[in-house]
Amino acid sequence: MDLQEVREKAREVLKGICRVCVVCDGRNCPTGVPGIGGAGTGEGFRRNIASLARWKLNLRVLHPRKIQDTTFELFGHKLSFPILGGAIAGAKVNFGGRLDEREIARALVLGAKAAGTVALTGDGPDPEVFAAGLAAIREADGWGIPVIKPRSNKEIIKRIREAEKTGALAVAIDVDAAGLFNMTRVGQVVEPKTAEDIIEIARSTSLPLILKGIMTVADAKVALASGAVGIVVSNHGGRALDHTLGTADVLPGIAAAVKGRLMVLVDGGIRSGVDVLKMLALGADAVLVGRPLFIAACGGGPQGVKMQLEALAQELTVAMRLTGCGALQDISSEVICNVM
Ligand SMILES: Cc1cc2nc3c(=O)[nH]c(=O)nc-3n(C[C@H](O)[C@H](O)[C@H](O)COP(=O)(O)O)c2cc1C
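About the criteria used
- Residues numbered from 1 in each chain as written.
- Predicted model: local features only at pLDDT ≥ 70, side-chain atom pairs only at ≥ 80, totals over all residues.
- Heavy atoms only, no water.
- UniProt positions renumbered as here; feature names shortened; annotations may be inferred.
- 1 Å grid on protein atoms, 1.4 Å probe; cavity = no way out; pocket = protein on both sides within 12 Å on 5 of 7 lines; lining within 4 Å.
- Points joined across faces, edges and corners; volume = space filled by probe spheres on them.
- Helix = DSSP H or I, 4+ residues; strand = E, 2+ residues; numbered from the N terminus.
- Nonpolar A, V, L, I, M, F, W, Y, C, P; charged D, E, K, R; others polar.
- Pairing = 2+ DSSP bridges.
- Buried < 20%, exposed > 50% of the residue type's maximum accessible area, 1.4 Å probe, protein only.
- Core = buried A, V, L, I, M, F, W, Y, C linked by side-chain atoms within 4.5 Å.
- Contact = heavy atoms within 4.5 Å.
- Axes fitted to C-alpha atoms, helices over the stretch in contact; angles between N-to-C directions.
- Parallel < 35°, antiparallel > 145°, perpendicular 65-115°, else oblique.
- Left-handed = near helix turned anticlockwise from the far one by under 90°.
- Salt bridge = Lys/Arg side-chain N within 4 Å of Asp/Glu carboxyl O.

- With an unreviewed UniProt entry as reference, the protein chain is termed L-lactate oxidase, source organism Thermanaeromonas toyohensis ToBE.
- According to its UniProt record, the protein chain has this under Cofactor (unreviewed entry): "FMN".
- Checking UniProt for the protein chain, the heading Catalytic activity (unreviewed entry) contains the comment "(S)-lactate + O2 = pyruvate + H2O2".

See below:
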């Protein structure tokens, strides 16, 4: 099985949900939210792609860096590369029950582990969503990071206790899901979080706490001051709120404010190793990839996810070599330029 076959299989499996486009850019999605696309007009999703596309690379090949080292350390754990699997969950709501929640979570978590990296798992109104993620992480001996919706603190801490039992590497809250209608509609509270709320959550666990869905310097500073150890600069793949900026628009400002004091992760529209290099040059420590890995999971299970991640890492290696970078620390704003 090669990646082309994985994508062809995914096209069959995802008929009516996702067209498995040559480039997943949100321009031709048959579904929005619920589904695979973006919220509303889909502008937030497309903006992620556009905000990355305006950055170009400075090709540089007269240099001594003949070997490229992509290894990356996440909270004391060595990863093969700075590319993590994003949380893609909610099979019943998003895919009409056609896909199995446990199989998706398992493919993402085990595929990422097999590639030497780590995946995040999701949460949703159906308890099966969070349970599926934890089951996959347990099977991977704790090699995963569960993301919990911004529920009441009591409900979050209850789920953190469950996450701790799996031996998870860290725990995250997708704070940008505070307006998620599919939760409130069925009586499950999601809410904006105050600094005091985050302090209480951070103090409740010894696991590193990551806040996902940070799009402003102000929120990044609250995360830092409240005991989070990492953030994901993310607009939820354009699914939380229409017409947000792209993540590559806001990343440089956020990284300038908190990098070195918080682990800065980013997602949204990352489709190639070149995109990974751009995000690292814009200030991220590492990236998360969402939809392309989900497609690989649907077409090839854990093996498909592993292959897709390794293809991205291979492209990153080439991009580093051709921009004069030997290690991740060499990737700076000097490798890119903004043409618009
Ligand atoms: C169908 C679908 C389900 C998702 N479910 C979750 C979730 O449960 N928790 C979460 O934090 N993010 C969730 N996300 C957002 C992704 O983790 C990630 O932020 C986003 O997909 C990144 O953008 P990309 O898909 O363009 O790479 C979901 C995204 C999609 C497309």
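**Notes on the layout of surface pockets**
Item 1. When its volume is computed, the largest pocket comes out at roughly 770 Å³.
Item 2. In terms of lining, the largest pocket is formed by 44 residues, of which the most central are A89, N94, K149, H236 and R239.
Item 3. For the lining of the largest pocket, the secondary-structure elements that each account for two or more residues are α3 (91–95), α7 (181–184) and β11 (286–289).
Item 4. Examining the composition of the lining of the largest pocket, we find that five residues originate from one element, α3, more than from any other.
Item 5. Among the residues forming the lining of the largest pocket, the class breakdown is 18 nonpolar, 14 polar and 12 charged.
Item 6. Taken as a whole, the second largest pocket holds about 480 Å³ of empty space.
Item 7. Looking at the second largest pocket, it is lined by 24 residues, and the ones nearest its centre are V175, D176, G213, I214 and D219.

**Side note on the sheet that holds strand β6 (residues 145–148)**
Item 1. Spatially, eight strands are ordered β4-β11-β10-β9-β8-β7-β6-β5 in an open sheet, and the strand pairing comes out parallel. What marks the edges here is a single partner per strand, and that holds for β4 (83–85) and β5 (120–121).
Item 2. Strand direction decides the pairing type here: strand β8 (residues 209–214) and strand β9 (residues 230–233), joined by four bridges, are parallel. In the strand pairing of β9, I214 is matched with V233.

**Quick word on the UniProt feature "active site" (unreviewed entry) in the protein chain**
Item 1. Taking the numbering used here, the UniProt-annotated feature "active site" (unreviewed entry) corresponds to H236.
Item 2. Mapped onto the elements of the fold, H236 is located in the loop between β9 and α10 (247–258).
Item 3. Of the residues examined, H236 reaches a relative accessible area of 18% and is grouped as buried.

**Section: the nonpolar core**
Item 1. Counting residues in each nonpolar core, the largest one holds 105 residues, and the members touching the most others are L14, M279 and F294.
Item 2. With 12 residues, the single largest contributor to this core is helix α12 (residues 291–321).
Item 3. Ignoring anything within four residues of it in the chain, the contact list for M279 reads L52, T247, A248, L251, V266, G268, I270, A284 and V287.

**So, empty space enclosed by the protein**
A water-sized probe, rolled over the atoms, reveals where empty space remains.
Item 1. Taken as a whole, this structure holds two cavities of 30 Å³ or more when the rule is applied.
Item 2. Surrounding the largest cavity, 14 residues form its lining, C18, R19, C21, C24 and C29 being those nearest its centre.
Item 3. Of the residues assigned to the lining of the largest cavity, the class counts are eight nonpolar, two polar and four charged.
Item 4. Estimates place the volume of the second largest cavity at around 60 Å³.
Item 5. Along the walls of the second largest cavity sit 13 residues, with I88, A89, A105, T121 and G122 positioned nearest its centre.

**A word on the packing of helix α9 (residues 217–225) against α10**
How two helices pack is summed up by the angle between their axes together with the distance between the axes.
Item 1. α10 packs onto α9 with a crossing angle of 30 degrees between their chain directions and a minimal axis gap of 9 Å. As summarised for this structure, α9 and α10 are arranged roughly parallel, according to the angle between their axes. You can see that α9 and α10 cross each other, and the crossing is right-handed. Packed against α9, whose contacting residues are V217, A220, K221 and L224, the element α10 presents G253, I254, A257 and V258 at the interface.
Item 2. Its residues assigned to classes, the contact of α9 with α10 comprises six nonpolar, one polar and one charged.

**Concerning the environment of Q329**
Item 1. Following the sequence through the fold, Q329 ends up in the loop between α12 and β12 (336–338).
Item 2. Taking relative accessible area as the criterion, Q329 reaches 69% and is therefore assigned exposed.
Item 3. On a C-alpha basis, the gap between Q329 and D69 in space is 9.9 Å, while along the polypeptide they are 260 residues apart.

**Some thoughts on the pattern of salt bridges**
Item 1. Tallied over the full model, the rule gives 17 salt bridges.
Item 2. We note a salt bridge from D126 to K92, for which the minimum N-O separation is 3.0 Å. Here the residue D126 occupies a position in the loop between β5 and α5 (127–139), and K92 occupies one in helix α3, the gap between them amounting to 34 residues.
Item 3. Residue classification places K92 among the exposed residues on the basis of a relative accessible area of 58%.
Item 4. In this structure, E191 and K193 form a salt bridge, with 2.7 Å as the shortest nitrogen-oxygen distance.
Item 5. The class for K193 is buried, based on a relative accessible area of 18%.

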